[in-house]
Amino acid sequence: MPPKPCALCHTERAIIKRPKTGQQICKDCFFRVFETEVHNTIVDSKLFKPGDRVAIGASGGKDSTVLAYVMKTLNDRYDYGLELFLLSIDEGITGYRDDSLETVKRNQVQYGLPLKILSYDELYGWTMDAVVAQVGRKNNCTFCGVFRRQALDRGAAALGVDHIVTGHNADDIAETVLMNIMRGDIARLGRCTLICTQSEDTIKRSKPFKYAYEKEIVMYAYFKKLDYFSTECIYAPDAYRGHARAFLKSLEAARPSAIIDIIHSGEAFEVAEQVQQGMKAQQTCKRCGYISSNDLCKACTLLEGLERGLGSLAVKDSKKLESDSTTAPDASMRTIPFFQRTPGAAAAVEEPTPA
Ligand code: SF4
Ligand code: ZN
Ligand code: ZN
């Protein structure tokens, strides 16, 4: 049988079947449609304006590595006028994050982007290795997720950036929609499909890969021969997300548009007024100044639990721990430095050095 021509350019040989559409296309057309779709998402959602300083949350994994590469490519091609940075969080996971950060350091050189690394150890005085040694491997991701969210904002504030972009892809968002439905978490369901989130006093966050399929991101990284790290975290026990992921993959196998359809369904949900009224107003943490819906932010509550040797209780019964805490900590307890945003501040970053 003669080779099939590309369905888009009709000249080159088709070597890729696009997971999103099933179209058979050539490599160059795949790069072009993938990049153009991300560009269209950025433009349609008006994510940036010229002069914005944007930090790319970089873990060394496939999603954020492709994001860094595509953001740099589109910024140059379409003249977005963005100042781009790589921002990495070092959770302190031996045998995982230390290796993946080596990949980010190589990306810094390969893409010529300044890099800032902020560690849990310097911010909270705890590595994830130490957290797991205390709380075990059941609730570790709760600590890690809360600590990461705040660490990214603090890293971004130190860089003086206006905006953080993350590599969350369409599969991640569809999975989150399913998980929020399964948990009945309607407030989160209302927010999880937003491409861009920002509340007062927080740095804007967005997901330019909101409509990009995971399989296409892997393909893009593979055909572009990008340098990324592909090992799972050694402490990854999020079994519930695993079920949602397996369910989504089986839906995708039967009908590839299932991923986008679930995102569109999530977007169409409207959060009822009673649910909105039930959401707590945002204030700032009395101890560390970070945005919070209670007197103490989640990170301060969890950190206090760790410091008192009650890390597991801090997850299971944070209300009890909060009511036992005063906003002033014991003198012996480690706390998080006070959070201050300094838009446009000079960035303390490592400039890329030639390899
Ligand atoms: Fe952190 Fe859990 Fe992710 Fe590992 S799997 S990096 S512990 S959130
Ligand atoms: Zn082609
Ligand atoms: Zn706090």
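Residues numbered from 1 in each chain as written. Chains lettered and ligands numbered in written order. Predicted model: local features only at pLDDT ≥ 70, side-chain atom pairs only at ≥ 80, totals over all residues. Heavy atoms only, no water.

(A) Representation of the overall build of the protein. Assigned secondary structure in the protein consists of 15 helices and ten strands. Within the span of the protein, comprising 355 residues, buried residues form 48% of the whole. Taking the contacts inside the protein whose residues are at least 6 apart along the sequence as the reference set, 72% of them involve residues at least 24 apart. As displayed, the protein has an accessible area near 17200 Å², and 52% of this comes from carbon and sulfur atoms. (Helix = DSSP H or I, 4+ residues; strand = E, 2+ residues; numbered from the N terminus. Buried < 20%, exposed > 50% of the residue type's maximum accessible area, 1.4 Å probe, protein only. Contact = heavy atoms within 4.5 Å. Areas by Shrake-Rupley, 256 points an atom, 1.4 Å probe, with all protein chains shown as cover.)

(B) Region of the structure containing the nonpolar core. Membership of the largest hydrophobic core comes to 43 residues, with the highest contact counts inside it found for Tyr120, Tyr124, Phe147 and Ile336. Going through the elements one at a time, strand E4 (83-90), helix H4 (120-124), helix H5 (128-135), helix H6 (140-159) and helix H13 (298-307) are the ones with two or more residues in this core. Broken down by element, this core gets its largest block of residues, nine residues, from H6. Every residue in contact with Tyr120, bar those within four places of it in the chain, is listed here: Ile89, Asp90, Glu91, Gly125, Trp126, Met128, Cys144, Phe147, Arg148 and Ala151. In terms of nonpolar packing, the next biggest core, distinct from the first, is built from 39 residues, Cys6, Cys29, Leu74 and Ala212 among them. (Core = buried A, V, L, I, M, F, W, Y, C linked by side-chain atoms within 4.5 Å.)

(C) How the structure looks around the packing of aromatic side chains. All told, the structure shown has 17 aromatic pairs when counted by the stated rule. Members of the aromatic cluster, each reached through a chain of ring pairs, are Phe30, Phe31, Phe34, Tyr69, Tyr111, Phe209 and Tyr220. (Phe/Tyr/Trp six-rings, centres within 6.5 Å; stacked < 30°, edge-to-face > 60°.)

(D) Geometry of the UniProt feature "binding site: ATP" (unreviewed entry) in the protein. Mapped onto the present numbering, the UniProt feature "binding site: ATP" (unreviewed entry) falls on Gly57, Ala58, Ser59, Asp63, Ile89, Gly167 and Asp172. With respect to the secondary-structure elements, Asp63 resides in helix H2 (residues 62-77). Contacts of Asp63, omitting those with residues within four sequence positions, involve Gly167, Asn169, Phe209 and Ile217. Mapping Gly167 onto the fold places it in the loop between strand E6 (163-165) and helix H7 (170-183). (UniProt positions renumbered as here; feature names shortened; annotations may be inferred.)

(E) Region of interest: the pairing of strand E5 (residues 115-119). Counted residue by residue, E5 has four buried out of five residues, so it is predominantly covered. Across five bridges, E4 lies against E5 in parallel orientation. Its bridge partner lying in E5, Leu87 is registered against Lys116. In terms of handedness, the path from E4 via helix H3 (residues 97-111) over to E5 forms a crossover that is right-handed. (Pairing = 2+ DSSP bridges. Right-handed = clockwise from strand over helix to strand, strands pointing away.)

(F) Highlighting the coordination of the zinc ion (ligand 2). Donor atoms from the polypeptide that coordinate the zinc ion (ligand 2) comprise Cys6 (SG), Cys9 (SG), Cys26 (SG) and Cys29 (SG), at 2.3 Å from the metal. Around the zinc ion (ligand 2), the four donor atoms are arranged such that angles at the metal cover 102 to 117 degrees; this shape is classified as tetrahedral. Residue classification places Cys6 among the buried positions, given a relative accessible area of 1%. (Donors = N, O, S within 2.8 Å, 3.2 Å for Na, K, Ca; no water. Tetrahedral: all angles 85-135°; square planar, octahedral: opposite > 155°, others 65-115°.)

(G) Seen up close, the pairing of E4. Counting buried residues along E4, six of its eight residues qualify, which places the element largely inside the surrounding structure. Pairing geometry for strand E3 (residues 53-57) and E4, over five bridges, is parallel. Counterpart to Arg53 in the pairing with E4 is Glu83. As a crossover connection, the stretch from E3 through H2 into E4 is right-handed.

(H) The coordination of the zinc ion (ligand 3), seen in detail. Around the zinc ion (ligand 3), the protein supplies Cys285 (SG), Cys288 (SG), Cys297 (SG) and Cys300 (SG) as donor atoms, at distances of 2.3 Å. Note that the zinc ion (ligand 3) binds four donor atoms; their angles at the metal cover 107 to 115 degrees, and the shape is tetrahedral. Along the chain, the residues donating to the zinc ion (ligand 3) fall in the pattern C-x2-C-x8-C-x2-C. Placement of the pair is Cys285 in the loop between strand E9 (283-284) and strand E10 (291-292) and Cys297 in the loop between E10 and H13, with a sequence separation of twelve residues.

(I) Main features of H6. End to end, H6 covers 28 Å across 20 residues, agreeing with the expected 28 Å (1.5 Å per residue, within 8%). In terms of residue burial, H6 counts as a mostly covered element, since 14 of its 20 residues are buried. (Expected span 1.5 Å × (residues − 1).)

(J) Region of the structure containing the site of ligand 1. Taken together, Ile93, Asn140, Cys141, Cys144, Arg148, Cys233, Tyr235 and Ala236 make up the full set of residues adjacent to ligand 1. Counted by class, the shell around ligand 1 contains six nonpolar, one polar and one charged residues. (Near = heavy atom within 4 Å. Nonpolar A, V, L, I, M, F, W, Y, C, P; charged D, E, K, R; others polar.)

(K) Local environment of the pattern of salt bridges. Under the definition given, this model contains 28 salt bridges. Of the charged contacts, one joins Asp153 and Arg205 as a salt bridge, the two residues approaching to 3.3 Å between their closest N and O atoms. Placement of the pair is Asp153 in helix H6 and Arg205 in strand E8 (residues 204-206), with a sequence separation of 52 residues. Arg205 shares its class with Asp153; the two are buried. In this structure, Arg188 engages Asp185 in a salt bridge whose closest nitrogen and oxygen atoms are separated by 2.8 Å. (Salt bridge = Lys/Arg side-chain N within 4 Å of Asp/Glu carboxyl O.)

(L) View of unusual backbone geometry. Positive phi outside glycine occurs at Lys46, with the angle close to 50 degrees. The topology assignment puts Lys46 in the loop between helix H1 (27-44) and E3. Positive phi values are uncommon outside glycine, yet Lys225 reaches one of about 55 degrees. Residue placement: Lys225 occurs in the loop between helix H9 (214-223) and helix H10 (239-254).

(M) How the structure looks around the environment of Phe338. Residue placement: Phe338 occurs in the segment after helix H15 (318-324). Looking at Phe338, the relative accessible area reads 53%, which means it is exposed. For Phe338 and Cys285, which are 53 residues apart along the polypeptide, the C-alpha to C-alpha distance reads 9.4 Å.

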